[in-house]
Amino acid sequence: MENKVSEIYKQTAGFLSSKFKRRLLLIGILAVAALTEFFVLGLARRTFVFYTVNDGVLVVEDRMLKRSKSRESDIIRYTEETLLGPVAPGLLPLFPRETRLKSLLYRNGVIYADFSADAALPPVEGGKTIDNFRTLYAGILRNFSYVNDVRFFIEGNAIFIDEFLQRPVIAR
């Protein structure tokens, strides 16, 4: 028994004596850990678009959001994260901080999203309400390939879809 342990120790020491083999082993361990974490946590990268303070230029933020079994839940989570605003300092939110998602329904490739009355007002920091809805519209289409159209409502009143189709802010 002692000979087997000694032999295993010698082989391991011989393997790890090479710098290249040590690095290869560490890369392999990291890759296995990363894949395990990815599959266990079920995170998906989503792209968020916000405005800069100075120029009003569009800026992209990537966030990792937990996937769920429901497409509707994924879209709700994305929309609520967008309403929370940017994480990076110096970026402006698309909607006033008080804006809330009242309801969201996904059926046959179409999203129906109803927002609180605060969504009708431009953010205190500046920006146009219709441009903010265009940006959210394009962001949803970019992040969820199975969505064909988005219909927005504010307190149950429809926002005209034609406004979004005329001049999209972000290409798919």
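Residues numbered from 1 in each chain as written. Predicted model: local features only at pLDDT ≥ 70, side-chain atom pairs only at ≥ 80, totals over all residues. Heavy atoms only, no water.

1. Topic: the overall build of the chain
A tally of helices and strands in the chain yields five helices and seven strands. When the helices and strands of the chain are listed from N to C terminus, the series reads α-α-β-β-α-β-β-β-α-β-β-α. The proportion of buried residues among the 172 residues of the chain is 36%. When the accessible surface of the chain is totalled, it reaches about 11,000 Å², and 59% of it is carbon and sulfur. (Helix = DSSP H or I, 4+ residues; strand = E, 2+ residues; numbered from the N terminus. Buried < 20%, exposed > 50% of the residue type's maximum accessible area, 1.4 Å probe, protein only. Areas by Shrake-Rupley, 256 points an atom, 1.4 Å probe, with all protein chains shown as cover.)

2. Things to note about the pairing of strand β5 (residues 110-115)
Burial runs high along β5: five of the six residues are buried. Relative to β5, strand β4 (residues 101-107) is paired through six bridges, and the arrangement is antiparallel. Across the sheet, the residue bridging to Arg-107 is Val-110, located in β5. Bridge analysis of β5 against strand β6 (residues 149-154) gives six bridges, and the strand direction is parallel. In the sheet register, Ile-111 faces β6, and the bridge partner there is Val-150. (Pairing = 2+ DSSP bridges.)

3. As for the confidence of the model for the chain
Low-confidence regions, as indicated by low pLDDT, have predicted coordinates that should not be scrutinised in detail. Chain-level statistics for the chain give a pLDDT mean of 80 and a share of 80% at 70 or above. Counting contacts from residues 166-172, a segment whose pLDDT is below 50, to residues more than four positions away or on other chains yields 17 contacts. (pLDDT = per-residue confidence, 0-100. Contact = heavy atoms within 4.5 Å.)

4. A short note on the packing of helix α3 (residues 71-84) against helix α4 (residues 129-143)
Where α3 contacts α4, the axes come no closer than 11 Å and their chain directions differ by 140 degrees. Classified by the angle their axes make, α3 and α4 are oblique. The interaxial crossing formed by α3 with α4 has right-handed handedness. Every residue of α4 that contacts α3 at Tyr-78, Thr-79 and Thr-82 is listed here: Leu-136, Gly-139, Ile-140 and Asn-143. Partitioning the contact of α3 with α4 into residue classes produces three nonpolar, four polar and no charged. (Axes fitted to C-alpha atoms, helices over the stretch in contact; angles between N-to-C directions. Parallel < 35°, antiparallel > 145°, perpendicular 65-115°, else oblique. Left-handed = near helix turned anticlockwise from the far one by under 90°. Nonpolar A, V, L, I, M, F, W, Y, C, P; charged D, E, K, R; others polar.)

5. What about the packing of aromatic side chains?
The tally for this structure, following the rule as stated, stands at eight aromatic pairs. Note on Tyr-78 and Phe-144: the rings are 5.5 Å apart at their centroids and 80 degrees apart in plane angle, and the pair reads as edge-to-face. Remark: Phe-144 occurs in the loop between α4 and β6 and Tyr-78 occurs in helix α3; sequence separation between them is 66 residues. Residue classification places Tyr-78 among the buried residues on the basis of a relative accessible area of 2%. Phe-144 gets classed as buried once you look at its relative accessible area, which sits at 1%. Relative to Phe-115, the ring of Phe-95 lies with its centre 6.0 Å away and its plane at 15 degrees, an arrangement referred to as stacked. With Phe-95 in the loop between β3 (91-92) and β4 and Phe-115 in strand β5, this pair connects stretches of sequence that are 20 residues apart. As far as burial versus exposure is concerned, Phe-95 and Phe-115 are alike and both buried. Taken together through their ring pairs, the aromatic side chains of Tyr-78, Tyr-106, Phe-144 and Tyr-146 make up a single cluster. When the ring centre of Tyr-146 is taken as reference, the NZ or CZ atom of Arg-71 above it lies at 4.0 Å. (Phe/Tyr/Trp six-rings, centres within 6.5 Å; stacked < 30°, edge-to-face > 60°. Lys NZ or Arg CZ within 6 Å of the ring centre and 35° of its normal.)

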